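Chain and residue survey
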Amino acid sequence: YAYAEFCKSKGIEAVPLTQFEKKEYPGFLGSFYADDNARSANPDTVEAYLPKANATLDYTTGDDDTITDWPVIQDGTDYDKENLYLIFIAGDQPYEEITNKDLNDGSACVVVKESFGNAFVPFLVSHYQTVYVVDYRYWEGSISQLVAEKGIQDVILCNNISATRSGALVDAMGTVLY
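Notes on the structure in this doc start here. Positions within a chain are numbered from 1, following the residues in the order the chain's sequence is written. In view of the model being predicted, local features appear only for residues whose pLDDT reaches at least 70, and side-chain atom pairs are presented and counted only at 80 or more, with totals across whole chains, interfaces and linings using the full set of residues. Only heavy atoms go into the side-chain values, all of them from the structure, while hydrogens and water stay out.

So, the overall build of the chain
Rule in force here: Under the scheme used here, helices are H or I runs from DSSP no shorter than 4 residues and strands are E runs no shorter than 2 residues, and both carry numbers assigned from the N terminus. Relative accessible area decides the class of each residue, using a 1.4 Å probe on protein chains only: under 20% of the type maximum gives buried, over 50% gives exposed, and in between gives partly exposed. Contacts: residue pairs with any heavy atoms within 4.5 Å of one another. Accessible surface is estimated by sampling points in the Shrake-Rupley manner with a 1.4 Å probe; for residues, cover comes only from the protein chains shown.
Across its full length, the chain holds six helices and eight strands. The order of helices and strands in the chain, counted from the N terminus, is α-β-α-α-β-β-β-β-β-α-β-α-β-α. Counting every position in the chain, which comprises 178 residues, the buried fraction comes to 40%. The contacts of the chain with a sequence gap of at least 6 include a subset with a gap of at least 24, amounting to 62%. On the chain, roughly 10100 Å² of surface is accessible, and the fraction owed to carbon and sulfur atoms is 47%.

Looking at the sheet that holds strand β6 (residues 108-113)
We apply this condition: Here, strands pair whenever DSSP counts at least two bridges between them. Note on geometry: axes are C-alpha line fits, over the in-contact stretch for helices, and angles between N-to-C directions span 0 to 180 degrees.
With mixed pairing, six strands are arranged side by side in an open sheet as β4-β3-β5-β7-β6-β8. On the outer flanks of this sheet lie β4 (66-70) and β8 (154-158), each paired with one strand and no other. Between one strand axis and the next, the sheet turns through 20° on average, direction left out of account. Sheet topology places strand β3 (residues 55-60) next to β4; three bridges connect them, and they run antiparallel.

Points about the packing of aromatic side chains
Our working rule: In this scheme Phe, Tyr and Trp rings, the latter by its six-membered ring, pair at centre separations within 6.5 Å, and the angle between planes marks the pair as stacked below 30 degrees, edge-to-face above 60, and tilted otherwise.
Within the structure shown, the criterion is met by eight aromatic pairs. Each ring, one from Phe28 and one from Tyr85, has its centre 6.4 Å from the other, and the planes form 70°; the classification is edge-to-face. One end of the pair, Phe28, is in strand β1 (residues 21-28); the other, Tyr85, is in the loop between β4 and β5 (95-100), with 57 residues separating them in the sequence. According to the relative accessible area criterion, Phe28 is buried, its value standing at 17%. Note on Tyr49 and Phe123: the rings are 6.1 Å apart at their centroids and 40° apart in plane angle, and the pair reads as tilted. Here Tyr49, found in strand β2 (residues 44-50), pairs with Phe123, found in helix α4 (residues 121-124); they are 74 residues apart in sequence, far enough to count as distant. Judged by its relative accessible area of 15%, Tyr49 is buried.

As for the pattern of salt bridges
Just so we agree on the cut-off: Salt bridges are defined as contacts in which a side-chain nitrogen from Lys or Arg sits within 4 Å of a carboxyl oxygen from Asp or Glu.
Across all of its chains, the model carries 10 salt bridges by this definition. Here Asp135 makes a salt bridge to Lys113, at a shortest N to O gap of 3.4 Å. One end of the pair, Asp135, is in strand β7 (residues 130-135); the other, Lys113, is in strand β6, and 22 residues separate them in sequence. Among the charged side chains, a network of salt bridges with common partners joins Asp92, Lys113, Asp135 and Arg137.

Observations concerning the pairing of β6
Burial of β6 is extensive: six of the six residues sit out of reach of the surface. Side chains of β6 alternate between two faces, with Ala108, Val110 and Val112 and Cys109, Val111 and Lys113 buried alike. Judged from the five bridges that link them, β6 and β8 form a sheet pairing that is parallel. Counted as the bridge partner of Val112 is Leu157 from β8.

Let's talk about the nonpolar core
Quick note on the threshold: Only buried residues count toward a nonpolar core, which is a set of Ala, Val, Leu, Ile, Met, Phe, Trp, Tyr and Cys residues joined through side-chain atoms within 4.5 Å.
By size, the foremost hydrophobic cluster in this structure holds 33 residues, and its most contacted members are Ile98, Val111, Leu124, Val131 and Ile156. Those elements that provide at least two residues to this core are α1 (2-10), β1, β2, β3, β6, α4, β7 and β8. Every residue in contact with Ile98, bar those within four places of it in the chain, is listed here: Ala55, Thr56, Leu57, Val72, Ile89, Val121, Val125, Gln129, Thr130, Val131 and Val133. Tyr95, Ala108, Tyr132 and Ile143 belong to the second-largest nonpolar core, a separate cluster that totals 10 residues.

With respect to unusual backbone geometry
Of note, Asp69 is a non-glycine position whose phi angle comes to about 60°, a positive value. Tracing the sequence through the fold places Asp69 in strand β4. We classify Asp69 as exposed; its relative accessible area is 56%. A positive phi angle, near 45°, is found at Ile89, a position not held by glycine. Secondary-structure assignment places Ile89 in the loop between β4 and β5. By relative accessible area, which is 0% here, Ile89 ends up buried.

What follows is the structure in structure tokens.
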């Protein structure tokens, strides 16, 4: 739903879900509810929609080790049930670059997010040559400097509602957003 609304506001056509390969991983509770008996009786199912774009993901860990050619969505069959959200974009890495090898138009965006944004990012791959992803909790760079250096056209904030009330997002952006 967020992806469809994003496309609508940007004036581009969303890729229909029927054009994605869908993977389902049942039994998800997440780290918040892994020990919650009431919620464990009704686990969720993680649904992943694999983009058809020929895309590769490179990311830098907190130790600045670069990992290349990681899938945008990893197979979650062997993941712990509370960690299934880590199948999206290699989880919560400080900095990632996703390259769509099918596009050569210079289009680029940066997604400033925490874990709530992980499932949204794969939908953007079909629309941008490069998607930069910054998890502001771990990355120590400057968003405005990244935008200038990489020629990024769009900055997308994708966070849970609590992030908008905390100072962490404001600190990452270097300005107050209202």
